[in-house]
Amino acid sequence: MSDTSRNAARSILRRCWPVLAAVPLGAACGGAYALAAPVQYQANAYVMVVPQADGDSATAVNFAQAYGRVIAQPEILLDASASTGVPLAQLTPLIQATTSPDAPMVQITGSAPTAARAAAEANAVASSLVTFGNDASKQTRVHLITFAAAARPAAASSPSRSLDVAVGGAAGLLVGGLGMMARQSGTGGGPAPSPLPQPRSDGLSDDASADELPAEPAPAETPTPDSASAPTSTEAGSKRPRQSATQARR
């Protein structure tokens with residue numbers, strides 16, 4: 001490796017070391033969380049709302065959405081709690097219901113530390129919902145059936161190691177980038193910009209050449225005292241004949 005390449009690599013390391021250190025650290029923290037977090041399994045059971053002879057499908061869809069909203073009521077979960085042996089206070093946050101605006105079906109999801117328990121919770125709640133809905137079928141004109149029972153999930157739903165590692169690495173990248181920006185701003189952010197050239201008061205730029213400058217006027221010649229007082233040769237010659245003529249008259 002040449003000296004230029006080594007200097008470039010050292011310069012990059014000096015500027016980007018917060019990012020290079022934070023990304024692996026964040027990924028390691030995400031992996032550690034994936035190993036330490038409790039394992040959760042999820043199982044799904046399906047209940048369908050069927051209209052009676054004088055009912056229609058729209059009414060069944062509306063009642064399916066209504067039953068999905070009241071899935072956490074104690075009147076529905078008491079029988080499921082008794083059959084699974086899970087206290088009602090612990091079972092309530094482990095059960096979720098999802099409905100569709102187009103189909104008269106309720107999806108019941110049970111969560112538990114083991115696959116068998118998750119399936120048992122989903123099936124118990126689905127059975128309790130069917131019993132609860134059929135008790136009021138004369139008023140609602142619909143009845144409920146278990147469309148599909150929950151099976152034991154083959155794999156845990158959470159935590160996801162790959163997702164946790166990716167999230168940790170992204171968080172490290174963000175933290176490292178912020179640290180690098182703060183470090184650069186703390187050191188001044190590079191050399192100060194050079195001041196702008198100031199315009200000249202005489203309207204000429206600094207780049208103007210010497211030929212473009214106006215020529216200075218030549219100084220006027222001042223007459224010397226000798227040249228001013230001395231008569232010219234022509235004037236002296238004209239005065240001499242006059243003097244001789246005057247002397248001849250005398």
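Coordinates for the structure precede this section.
Residues numbered from 1 in each chain as written. Predicted model: local features only at pLDDT ≥ 70, side-chain atom pairs only at ≥ 80, totals over all residues. Heavy atoms only, no water.

A closer look at a positive patch on the surface
Right, so step 1: Where like charges cluster on the molecular surface, the positive patch consists of R6, R10, R14 and R15.
Right, so step 2: Position of R14 relative to the elements: it lies in helix α1 (residues 3-36).
Right, so step 3: Given the relative accessible area of 51%, R14 is considered exposed. (Patch = residues over 30% accessible without salt bridge, like charges linked within 9 Å, V, L, I, M, F, W, Y side chains within 5 Å. Areas by Shrake-Rupley, 256 points an atom, 1.4 Å probe, with all protein chains shown as cover. Salt bridge = Lys/Arg side-chain N within 4 Å of Asp/Glu carboxyl O. Lys, Arg positive; Asp, Glu negative; His and termini not counted. Charge placed at Lys NZ, Arg CZ, Asp CG, Glu CD. Helix = DSSP H or I, 4+ residues; strand = E, 2+ residues; numbered from the N terminus. Buried < 20%, exposed > 50% of the residue type's maximum accessible area, 1.4 Å probe, protein only.)

Let's talk about the packing of aromatic side chains
Right, so step 1: Under the counting rule described, the total for this entry stands at 2 aromatic pairs.
Right, so step 2: With 6.4 Å between their ring centres and 35° between their planes, F63 and Y67 make a pair best called tilted. Of this pair, F63 and Y67 both sit in helix α2 (residues 57-69), separated by 4 residues, roughly a single helical turn.
Right, so step 3: For F63, a relative accessible area of 25% translates into the label partly exposed.
Right, so step 4: Centroid distance Y67 to F132: 6.5 Å. Interplanar angle 85°. Geometry classified as edge-to-face. (Phe/Tyr/Trp six-rings, centres within 6.5 Å; stacked < 30°, edge-to-face > 60°.)

Some thoughts on α1
Right, so step 1: In a regular helix each residue adds 1.5 Å, so 34 residues correspond to 50 Å; α1 covers 46 Å between its end C-alpha atoms and thus fits that length.
Right, so step 2: In α1, a bend of some 75° at C16 exceeds every other bend along the element, and P18, a proline, comes one to four places later.
Right, so step 3: P18, V19, A22, G26, G30, G31 and A34 are the residues of α1 that are buried. (Expected span 1.5 Å × (residues − 1). Bend = angle between axes of the 7 residues up to and from the residue.)

Here's the deal with the pairing of strand β3 (residues 105-112)
Right, so step 1: Judged by how many residues are buried, β3 sits mostly within the fold: 6 of 8 residues are covered.
Right, so step 2: Here strand β2 (residues 95-99) pairs with β3 via 5 bridges, running antiparallel. Paired with Q96 across the bridge in β3 is T109.
Right, so step 3: Linking β2 to β3, which pair antiparallel, is a turn of 5 residues. (Pairing = 2+ DSSP bridges.)

Here's the deal with the environment of A22
Right, so step 1: By the element assignment, A22 lies in helix α1.
Right, so step 2: Spatially, the C-alpha atom of A22 lies 9.6 Å from that of G168, the residues being 146 residues apart in sequence.
Right, so step 3: Excluding its chain neighbours within four sequence positions, the residues that come into contact with A22 are G172 and G176. (Contact = heavy atoms within 4.5 Å.)

Overview of unusual backbone geometry
Right, so step 1: A positive phi angle, near 65°, is found at R141, a position not held by glycine.
Right, so step 2: Checked against the element boundaries, R141 lands in the loop between α6 (137-140) and β4 (142-148).
Right, so step 3: Under the relative-accessibility criterion, R141 is labelled partly exposed at 44%.

Observations regarding the sheet that holds β2
Right, so step 1: Strand order in this open sheet of 4 strands is β2-β3-β1-β4, and the pairing throughout is antiparallel. Edge positions in the sheet fall to β2 and β4, since each of these pairs with one other strand and no more. The mean angle between the axes of side-by-side strands here comes to 25°, regardless of whether they run parallel or antiparallel.
Right, so step 2: Pairing of strand β1 (residues 41-51) with β3, which is carried by 8 bridges, proceeds in the antiparallel orientation. (Axes fitted to C-alpha atoms, helices over the stretch in contact; angles between N-to-C directions.)

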